[in-house]
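If you want the building blocks of each chain, they are given just below.
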Amino acid sequence: MQIPVIRNILEANEKMADKVRERLQQRDILTLNLISSPGAGKTSLLERTLRDLSGKFRMAVIEGDLQTSNDAERVAATGARAVQINTEGGCHLNSDMVSRALDKLDLDGVDILFIENVGNLVCPVEFDCGEDAKIALLSVTEGDDKPEKYPLLFSLGKAMVLNKIDLLPHVDFDVAKARAFAAKLNRELDILELSCRSGEGLDAWYHWLEKTRAGKKHGRSG
Amino acid sequence: MHEMTLVQSLLDMAEEELVRRDCKRLLLARVEYGALVGVMPEALHCCFEILTRGTVHENARLELVRLPLRLRCPFCGVSFGEEVQDVLNIPCPVCGEFFGHIVEQGKEMILSRLEAS
């Protein structure tokens, strides 16, 4: 028997992601899904952000990791609320894992929720976790052709954050080239350059967070 | 290896469709996937075989169709794809605009046909 169907393979994940989004929307929480390759500095960016903005926003973190709780401990040391998801070898977070993590997280008064995905530029991109926006994090110790090699992430992201710019004098990373590739498929992509180590560029990132958070609140009331 | 997750959700969907039509056994599933989607066909086939082995669906066939990338220029509106070389890296072949090309085809992952008995 022939069965004609047209169904999105990811529909179960996307339905759950919509539920997660609705749940976070009700509490007016801006949710950002942080995606990068391993070692680009996701946890470092969170540590700095959580410390520096602790007086301004209440923030929480869902930490995705293959095995350890090292990152969750680093994040919790800043005083932010954090919950760990161990994927036990799984290469990405999905909306069901995030939904279960939310059950364990005290969301009262939270303004911004960060989801730190598993370090991987391919798999996490396909799985909507219920976030408002994906952030693509890249570092200058990687190839400047990453946006070209992983176009889906950069085409779906709201912002690209280029980390470790303090190392630019020592590496061959071509910032203009990376920017151009990233903007090829995404004209609206906001591109920020910073160093979690030296602190350079962090103000612009914090401003971006404030603006995005305000835009979301405004969008809701309007 | 997100292919395992994808094949599992594909099989869950196929199961739903089979039950709805009083079918027992899956014979074929066709999946169309866009060129930007990061899946490896070999891995999908391998996961499909592993997940159907020892079940009533053992020996079912997975047919994969790759959908080529198509972009549309936001300025002149022309649509271009794999008939031009290196579609991801070139400016619009008509007006030369480099930025903001819209992905018309390339992000999909669709279950598009089932055969069952």
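What counts as what
- Residues numbered from 1 in each chain as written.
- Chains lettered and ligands numbered in written order.
- Predicted model: local features only at pLDDT ≥ 70, side-chain atom pairs only at ≥ 80, totals over all residues.
- Helix = DSSP H or I, 4+ residues; strand = E, 2+ residues; numbered from the N terminus.
- Rg over C-alpha atoms; globule rule 2.2 N^0.38 Å.
- Buried ≥ 20, exposed ≤ 12 C-beta atoms within 10 Å, placed from the backbone.
- Contact = placed C-beta atoms within 7 Å.
- Expected span 1.5 Å × (residues − 1).
- Arc of directions from axis to C-beta.
- Core = buried A, V, L, I, M, F, W, Y, C linked by C-beta atoms within 7 Å.
- pLDDT = per-residue confidence, 0-100.
- Nonpolar A, V, L, I, M, F, W, Y, C, P; charged D, E, K, R; others polar.
- Pairing = 2+ DSSP bridges.
- Axes fitted to C-alpha atoms, helices over the stretch in contact; angles between N-to-C directions.

**Let's talk about the overall build of chain A**
- The secondary structure content of chain A amounts to nine helices and eight strands.
- At 17 Å, chain A has a C-alpha radius of gyration in line with the 17 Å of a compact globule built from 222 residues.
- Principal axes of the C-alpha set define a box for chain A whose edges measure 60 × 45 × 40 Å.
- Taken over 222 residues, chain A has a buried fraction of 48%.
- Considering only contacts in chain A between residues 6 or more positions apart, those separated by 24 or more positions represent 76%.

**Focus on the overall build of chain B**
- On a plain count of helices and strands, chain B comes out with two helices and six strands.
- Listed by position from the N terminus, the elements making up chain B come as α-β-α-β-β-β-β-β.
- Relative to the 2.2 N^0.38 estimate, which gives 13 Å for 117 residues, the radius of gyration of chain B is 18 Å and therefore markedly larger than a compact globule would have.
- A principal-axis box enclosing the C-alpha atoms of chain B has dimensions of 55 × 25 × 20 Å.

**Looking at helix α1 (residues 11–26) of chain A**
- Along its 16 residues, α1(A) runs 23 Å from first to last C-alpha, staying within 8% of the 22 Å computed at 1.5 Å per residue.
- Looking only at α1(A), the buried set comprises Asn13(A), Ala17(A), Val20(A) and Leu24(A). Along the axis of α1(A), the buried residues cluster in a sector spanning 60 degrees; they form a single face. Opposite the buried face of α1(A), at more than 90 degrees from it, the exposed residues are Lys15(A), Glu22(A) and Gln26(A).
- Tucked inside the fold, the buried residues of α1(A) contact β2 (30–35), α4 (95–103) and β5 (112–116) of chain A together with α1 (3–20) of chain B.
- Of the residues trailing α1(A), Asp28(A) is marked for its positive phi of about 65 degrees.

**Some thoughts on the nonpolar core**
- Ranked by internal contacts, the top residues of the largest apolar core, which has 85 residues, are Leu113(A), Phe114(A), Ile115(A), Leu137(A), Leu153(A) and Leu10(B).
- Looking at this core element by element, the count peaks at six residues for α1(B).
- The contacts of Leu137(A), once residues within four sequence positions are left out, are Leu34(A), Ile35(A), Ser36(A), Ala40(A), Gly41(A), Lys42(A), Leu45(A), Val161(A) and Asn163(A).

**Things to note about the confidence of the model for chain B**
- Per-residue confidence for chain B gives a mean pLDDT of 94; residues scoring 70 or more make up 99%.
- Across the interfaces of the predicted complex, the ipTM metric reaches 0.88, alongside a pTM of 0.92.

**Things to note about the interface of chain A and chain B**
- With 28 residues of chain A in contact, the opposing surface of chain B contributes 33 residues.
- Contributing elements (two or more residues each) for the side of chain A that touches chain B: β1 (2–8), α1, α5 (123–126), α7 (151–156) and α8 (175–184) of chain A.
- The biggest single contributor to the side of chain A that touches chain B is β1(A), with seven residues.
- Its residues assigned to classes, the side of chain A that touches chain B shows 17 nonpolar, six polar and five charged.
- Bridge count between β1(A) and strand β6 (residues 109–116) of chain B: five bridges; the pairing is antiparallel. Residue pairing for β6(B): Ile3(A) is matched across the bridge by Leu114(B).

**Looking at the sheet that holds strand β4 (residues 79–81) of chain B**
Residues and elements named next belong to chain B.
- Here three strands make up an open sheet; going across it, the order is β4-β3-β5 and the pairing antiparallel. The open sheet has two edge strands, β4 and β5 (102–105), and neither has a second partner. Ignoring which end each strand starts from, the neighbouring axes of this sheet average 35 degrees apart.
- Across three bridges, strand β3 (residues 70–72) lies against β4 in antiparallel orientation. Bridged to Arg72 within β4 is Ser79.

**Considerations on the sheet that holds strand β1 (residues 26–34) of chain B**
- Spatially, β1(A)-β6(B)-β1(B)-β2(B) is the arrangement adopted by the four strands of the open sheet, whose pairing is mixed. Edge positions in the sheet fall to β1 of chain A together with β2 (61–67) of chain B, since each of these pairs with one other strand and no more. Looking at each pair of strands side by side, their axes are set apart by 15 degrees on average, direction ignored.
- With seven bridges joining them, β1(B) and β2(B) adopt parallel strand pairing. Residue pairing across strands places Tyr33(B) opposite Arg66(B), the latter belonging to β2(B).

**Describing the environment of Gly143(A)**
All names here are of chain A.
- Relative to the helices and strands, Gly143 resides in the loop between β6 (133–139) and α6 (146–149).
- For Gly143, a count of 16 C-beta atoms within 10 Å translates into the label partly exposed.
- For the pair Gly143 and Val171, spaced 28 residues apart in sequence, the C-alpha separation works out to 9.8 Å.

**Thoughts on the pairing of β2(A)**
Residue and element names in this part refer to chain A.
- For β2, the buried fraction is high: six of the six residues fall into the buried class.
- Of the two faces of β2, both are covered, the one formed by Leu30, Leu32 and Leu34 as well as the one formed by Thr31, Asn33 and Ile35.
- Relative to β5, β2 runs parallel, the two being bridged by five bridges. Pairing of Leu34 across the sheet is with Glu116, part of β5.

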